[in-house]
Amino acid sequence: MNEKNMVTIVVFSGDLDKTLASFVIATGAAASGMKVNMFFTFWGLKLIQREKARPKELDWMRRMFSFMVKAGPEKRPLSKMNMFGIGPMMMKKLMKKSNVPSLKEMLATAKSLGVKLTACSMTMGVMGVTKETLIPEVNNVAGVASFLADAKDSQITLFI
Amino acid sequence: MNEKNMVTIVVFSGDLDKTLASFVIATGAAASGMKVNMFFTFWGLKLIQREKARPKELDWMRRMFSFMVKAGPEKRPLSKMNMFGIGPMMMKKLMKKSNVPSLKEMLATAKSLGVKLTACSMTMGVMGVTKETLIPEVNNVAGVASFLADAKDSQITLFI
Amino acid sequence: MNEKNMVTIVVFSGDLDKTLASFVIATGAAASGMKVNMFFTFWGLKLIQREKARPKELDWMRRMFSFMVKAGPEKRPLSKMNMFGIGPMMMKKLMKKSNVPSLKEMLATAKSLGVKLTACSMTMGVMGVTKETLIPEVNNVAGVASFLADAKDSQITLFI
């Protein structure tokens, strides 16, 4: 693998705006022929968790944390100006008006372009995300060693 | 171009503290002879929008969003401890006391050192930023392909 | 030094979750034989400041700022859902349940694996952090030139 041909992105924040930026870069790179890895960790895991997932096997604290941070691409907050959900609503409308695809569409595009989606095994327990509640698009569950192996051979590595 | 000689920075947050960090790295790298690209997207676009710009051709929602997020280097919030503007005020005073140049001065220094400033075309519509309201220092308006082309040849690529 | 063998991380935010992510990457990389540099700047400096440090030689504004942003690994806020300290408390409990080491333990591990810890000289004044109040684990105090020198030879450079 030519190292100029790989991009690895840590999707940490899970915010609507930051996640959008990561998918624009990921799909742009994949469309131009680069190999792209997205590594979802911490709040980013909530993006690749099924909406309304109820991980029943978890203890009450994990269930509570899982309940407080909503799952799925439609429930992402903004990193600023969230204003109890008014900000994300406005941004989604402005995205539509500006012909920017939604997060859900970008996820589908990333998938169809062969972007590899990895869920961080270490933080899944902390965030109350179980393997069973992940969306089927996720390729694998792995730890930091897997991220480092990809990043070492990538020309572009970003933490978003 | 020797790849060891290029730095590409995505300026996403537009916060006073994060933007400062990006300009310290950009001007430091440029001063040491490296080629530097700064790619302004999302909230970062507000830094390179003229102060008190009133983009009249926009619809009411974009105008409202544009109004709520103030433009220009003097109006940047802090990423933490913003406290309705007290935090940034304190930090600006502490920067002055510590002989750290202001954001406005850093922008001028970056420009004089040949740092390339690019505005992200895709998110300009979302953020209510029009080409006419950008500061004259901006070199060009471009999309993710332009960022990727720069980043692929850069030894250091950061998302800030 | 083979450039595939170095990782440089800017620790900017100082949040519990983001700092954890940076230490997981740092210790993972160091454990696999890579050379790792962590450059602490802005809020990240508070992580490597001694707890309850009272930098007496500072003026009142720096003392106030230093007081408002608590020092040490035990006092880090969360980047989201901080809820006046309930969020970090929950996350620490969930980390323990998930067998994720605490920030304090990770700092010790990083140190024992030879990770280089550098405090950013430029922002120390702004954040009210003096050399005397840094924890002994810190290797050196340096500016952006030192960061750039490391980053230029690193295969992975992250801003966290």
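Scoring rules and cut-offs
- Residues numbered from 1 in each chain as written.
- Chains lettered and ligands numbered in written order.
- Predicted model: local features only at pLDDT ≥ 70, side-chain atom pairs only at ≥ 80, totals over all residues.
- Heavy atoms only, no water.
- Helix = DSSP H or I, 4+ residues; strand = E, 2+ residues; numbered from the N terminus.
- Rg over C-alpha atoms; globule rule 2.2 N^0.38 Å.
- Buried < 20%, exposed > 50% of the residue type's maximum accessible area, 1.4 Å probe, protein only.
- Contact = heavy atoms within 4.5 Å.
- Areas by Shrake-Rupley, 256 points an atom, 1.4 Å probe, with all protein chains shown as cover.
- Lys, Arg positive; Asp, Glu negative; His and termini not counted.
- Charge placed at Lys NZ, Arg CZ, Asp CG, Glu CD.
- Buried area = accessible area lost by both parts, 1.4 Å probe.
- Salt bridge = Lys/Arg side-chain N within 4 Å of Asp/Glu carboxyl O.
- Least-squares fit on C-alpha atoms with pLDDT ≥ 70 in both.

A. A look at the overall build of chain A. Secondary structure summary: chain A contains six helices and five strands in total. At 15 Å, chain A has a C-alpha radius of gyration in line with the 15 Å of a compact globule built from 160 residues. Each of the three principal axes of chain A carries a C-alpha extent, and together these read 45 × 40 × 25 Å. Per-residue burial for chain A yields a buried fraction of 59% across its 160 residues. Considering only residue pairs separated by 6 or more positions, chain A has 73% of its internal contacts joining residues 24 or more positions apart. Working note: accessible area of chain A is about 6300 Å², and carbon and sulfur atoms make up 58% of it. Across chain A, the mean location of the 23 positive side-chain charges is 5 Å away from that of the 12 negative side-chain charges.

B. Quick peek at the interface of chain A and chain B. Each side of the interface is counted separately: chain A has 30 residues, and chain B has 28 residues. Between chain A and chain B, a total of about 2700 Å² is buried, with carbon and sulfur atoms accounting for 75% of that surface. Three residues stand out in chain A for area buried against chain B, namely Lys 80, Met 90 and Leu 94 of chain A, and they jointly supply 21% of the buried area on that side. There are two salt bridges connecting chain A and chain B. Lys 97 of chain A is the partner of Asp 59 of chain B in a salt bridge, and the nearest nitrogen-oxygen pair spans 3.5 Å.

C. Local environment of the relation of the copies chain A and chain B. Screw-axis analysis of chain A against chain B gives a translation of 0.0 Å along the axis, an RMSD of 0.0 Å, and a rotation angle of 120°. In short, the pair behaves as if placed about a three-fold rotation axis. Residue by residue, only 17% of the interface of chain A is reproduced at the interface of chain B, so the copies engage with different surfaces.

D. Broad picture of the relation of the copies chain A and chain C. Take chain A, turn it by 120°, move it 0.0 Å along the axis, and it overlays chain C with an RMSD of 0.0 Å. Little of the interface of chain A is mirrored in chain C, where only 18% of its interface residues are also at the interface.

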